[in-house]
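# Breakdown of the fold
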Amino acid sequence: MEYNSAREQLVIPEYGRNVQRMIEYAITLPTREERTTAAKTIITAMTVLNPAIKEMTDYKHKLWDHLFIISDFKLDCESPYPMPEQEAIHAKPKRIPYPQKNIKYRHYGSILENVIKEVKVMEEGADKKALTDMIANFMKHLYLTYNRDSVNDEVIFEQLKKMSGGLLEVSEGVKLSAVYIEPKDYSPKKQKKKPMQNNRNNGSFRRK
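Read on for a plain summary of the structure. Everything quoted here is computed from the prediction, not taken from an experiment.

## Let's talk about the overall build of the protein chain
When its secondary structure is counted, the protein chain shows seven helices and zero strands. For the protein chain, the sequential pattern of α-helices and β-strands runs α-α-α-α-α-α-α. Looking at the 208 residues of the protein chain, the share that counts as buried comes to 29%. Sequence separation of 24 or more characterises 48% of the internal contacts of the protein chain that already satisfy a separation of 6 or more. Here the protein chain displays about 16700 Å² of accessible surface, and carbon together with sulfur accounts for 52% of that area.

Take a look at the structure:
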């Protein structure tokens, strides 16, 4: 018995082993015309086997790219699109450096810090006041997400003032309304079996 682990590794598993074998066969055809005819037939088969690719923009171009990649760029045939560059396909992506940020209040995150920076340089007015109150409400929501204990509004006000360098203060008399919401448990629950009822139709209780 032949196992998949002992077979040649698939280049693009979505199309399966038969497509890969058809492409390998197409490479061996003697004339370019025969290879082109075989390639077009294989493209049709690839579309049927991977219908989700139709949702992509310019999916036919993507199919021809996949065809050449599976062939290891050895299939010489006419194509409506240029063969992709082998170096570009196998090139490793550039490493993204890990952001080194000193976040004073980690439970609020760096995005909130950036929002505060933008709001504190706004011109004084109703918009700035409204945004400040919204930020305070959001801060309380974040606080309670990571710490389910209740928190006094004054603590949020003080932290907002420190994070903004004393430039943002919540409107007088504002009460924060953010509350912690318990996440729903979507895991399947075992149904309890109902106890067998004394049914007259049950043979074990039938009178003789």
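There's plenty left to go through after this.
## Here we look at the pattern of salt bridges
Evaluation of the coordinates by the stated rule reveals seven salt bridges. Measuring nitrogen to oxygen at the nearest pair gives 4.0 Å for the salt bridge that ties arginine 32 to glutamate 78. Of this pair, arginine 32 sits in helix H2 (residues 32-49) while glutamate 78 sits in the loop between helix H3 (59-70) and helix H4 (86-90), and the two are 46 residues apart along the sequence. Note on arginine 32: relative accessible area 38%, which makes it partly exposed. In this structure, a network of salt bridges that share partners links the residues Arg32, Arg35, Asp76 and Glu78.

## Here we look at H2
Taking 1.5 Å per residue, 18 residues should reach 26 Å; H2 reaches 25 Å between its end C-alpha atoms and fits that length. Among the residues of H2, Arg35, Thr36, Ala38, Ala39, Ile42, Ile43, Met46 and Thr47 are the ones counted as buried.

Cut-offs applied
- Residues numbered from 1 in each chain as written.
- Predicted model: local features only at pLDDT ≥ 70, side-chain atom pairs only at ≥ 80, totals over all residues.
- Heavy atoms only, no water.
- Helix = DSSP H or I, 4+ residues; strand = E, 2+ residues; numbered from the N terminus.
- Buried < 20%, exposed > 50% of the residue type's maximum accessible area, 1.4 Å probe, protein only.
- Contact = heavy atoms within 4.5 Å.
- Areas by Shrake-Rupley, 256 points an atom, 1.4 Å probe, with all protein chains shown as cover.
- Salt bridge = Lys/Arg side-chain N within 4 Å of Asp/Glu carboxyl O.
- Expected span 1.5 Å × (residues − 1).

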